Amino acid sequence: MIKIITVWSIAFALSTVAAIATAQQRFRYHDETETRPLTLQAATVDPGISRSELKESRTNLRVSANGIPDHLVGKFPNRGNPHQISEQKVNLKIPSNPKSNGSVTPLNLGWNFGVSLNGVAFDPLAAEFWQGNPRSGWSYNALGGAVALGLDENYAHVQPNGKYHYHGIPTSLIELLDYAPNRHSPLIGYAADGFPIYAMTGVVNGTVTQMTSSYRLKSGNRPGGGSPDGKHDGTFNEDYVYVAGAGNLEACNGAFTVSPEYPSGTYAYFLTEAYPVVPRCFAGTPDDSFRFGRR
């Protein structure tokens, strides 16, 4: 039986507003209400020397990196993104023995969801809101195409401070890691709560399985008035709702899988081809080192 759960959509919107309500920041004005095809920058540019080191202790995995990816990237600056990639001081602490809390923790704006093995962050949320108002309850989907963000073929772009980060599936990275759809995904990285991140395929009940999102577009139209109108088409994050059982992943794009790194099995997050692509909540407790927003 498929059960529609709307509480999560509300919680996501409210948590986003709460995370930025006190920020002294102006946001760009947008009134777009329809999705558009993404125009991706070809990944043909060498970004420089990538440095990433992982050190494991009994309690934590420490990630030290310079934020430069180990693969080709798009041209930055570009028409949709005026920023240049620059080295970052990446120092992250990942729990070695993550535990599920039994309830989800929404991903807030100003937090990285996780980090890839090359030290580049997964940061799926965009600081783009209906009419530039974070309190509107309508946040633009970075992969919806309504707002041009200058993404490259790795579904990544650059923040004003030079931070290159992934909003979607890092195509070049998974190619370097030898991803193939007929076997378990290679390890891509770790979430802020310590659970591993894989891409698209896992092993469930002994079978290689395509891992699928359980989010679906809402039916009907948006409310209009002081809110955007038009059909729920994926322009906004709030156009989607989690539908338990619609796919084989739960609300945080997670599932139990058996992988080469975890032969006894583990809870893990999966990047999916469909929304949300990069998970938007945590099963465990994210480490504070993944927070980069206003404190």
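The structure displayed is predicted, hence computed values, not measured ones.

**What about the overall build of the chain?**
Along the backbone of the chain there are 2 helices and 18 strands. Rg of the C-alpha trace for the chain: 18 Å, near the compact-globule value of 19 Å for 295 residues, within the 12% margin. Each of the three principal axes of the chain carries a C-alpha extent, and together these read 55 × 50 × 35 Å. Across the 295 residues of the chain, 54% fall into the buried class. Within the chain, contacts between residues at least 6 apart in sequence are counted, and of these 68% link residues at least 24 apart. Accessible surface, the chain: about 13,700 Å² in total, of which carbon and sulfur atoms supply 51%. In the chain, the 24 positive side-chain charges and the 24 negative ones have mean positions that sit 7 Å from each other.

**Quick word on the state of the cysteines**
Applying the stated criterion across every chain, the model contains 1 disulfide. Shown here is the disulfide that connects C252 with C281, its sulfur atoms set 2.0 Å apart. When the S-S torsion is -120°, as for the bridge of C252 with C281, the disulfide is left-handed. Note that C252 is positioned in the loop between β15 (240-244) and β16 (254-257) and C281 in strand β18 (residues 281-282), a separation of 29 residues in sequence. Side by side, C252 and C281 carry an identical accessibility label, which is buried.

**Section: the packing of aromatic side chains**
Each pair of aromatic rings is reported with the distance of its centres and the angle of its planes. The full count for this structure, using the stated rule, is 16 aromatic pairs. Taken together, a centroid distance of 5.1 Å and an interplanar angle of 10° make the contact between F113 and F282 stacked. Here the residue F113 occupies a position in the loop between β5 (105-106) and β6 (114-116), and F282 occupies one in strand β18, the gap between them amounting to 169 residues. Accessibility expressed as a relative area gives 1% for F282, which makes it buried. For the pair F195 and Y267, a centre-to-centre distance of 5.0 Å together with 75° between the ring planes defines the contact as edge-to-face. Of this pair, F195 sits in the loop between β10 (189-191) and β11 (196-199) while Y267 sits in strand β17 (residues 266-271), and the two are 72 residues apart along the sequence. For the pair F195 and Y267, a shared accessibility class is recorded, and that class is buried. A connected cluster of aromatic rings, assembled from ring pairs, spans F113, F195, Y267, Y269 and F282.

**Comments concerning the environment of Y267**
You can call Y267 buried: its relative accessible area is 18%. Through-space distance from the C-alpha of Y267 to that of P69 is 27 Å; in sequence the pair is 198 residues apart. Side-chain polar atoms of Y267 contact the side chain of E250, separated by 2.8 Å.

Definitions and limits used
Throughout this description, residue numbers start from 1 for each chain and increase along the sequence as written. Totals for whole chains, interfaces and linings use every residue, but because this is a predicted model, local features are given only for residues with pLDDT of at least 70 and side-chain atom pairs only at 80 or more, for both listing and counting. Only hydrogens and water are removed before side-chain values are computed, so all heavy atoms of the structure are retained for them. The helix and strand labels rest on DSSP assignments: H or I over at least four residues marks a helix, E over at least two residues marks a strand, and numbering proceeds from the N terminus. Here the globule rule reads 2.2 Å times residues to the power 0.38, and the radius of gyration is calculated from C-alpha atoms. A simple rule labels every residue: compare its accessible area, found with a 1.4 Å probe on the protein chains alone, to the largest value its type can have, and call it buried under 20%, exposed over 50%, or partly exposed in between. Whether two residues are in contact is decided by their heavy atoms, any of which lying within 4.5 Å being enough. Here the accessible surface of atoms and residues is derived via Shrake-Rupley with a 1.4 Å probe, and residues count as covered only by protein chains that are part of the display. Positive charges are assigned to Lys and Arg, negative charges to Asp and Glu, while His and the chain termini are left out of the count. To locate a charge, take atom NZ for lysine, CZ for arginine, CG for aspartate or CD for glutamate. For this text, the term disulfide refers to a pair of cysteine sulfurs within 2.5 Å. Between 30 and 60 degrees the pair is tilted, below 30 it is stacked and above 60 it is edge-to-face, where a pair is any two Phe, Tyr or Trp rings, Trp via its six-membered ring, whose centres lie within 6.5 Å. For this analysis, a polar contact is any N or O atom pair within 3.5 Å, provided that within protein one partner can donate a hydrogen and the other can accept it, and provided that sequence-adjacent residues contribute only side-chain to side-chain pairs.

Remember that the coordinates give geometry; whether it matters functionally is a separate question.
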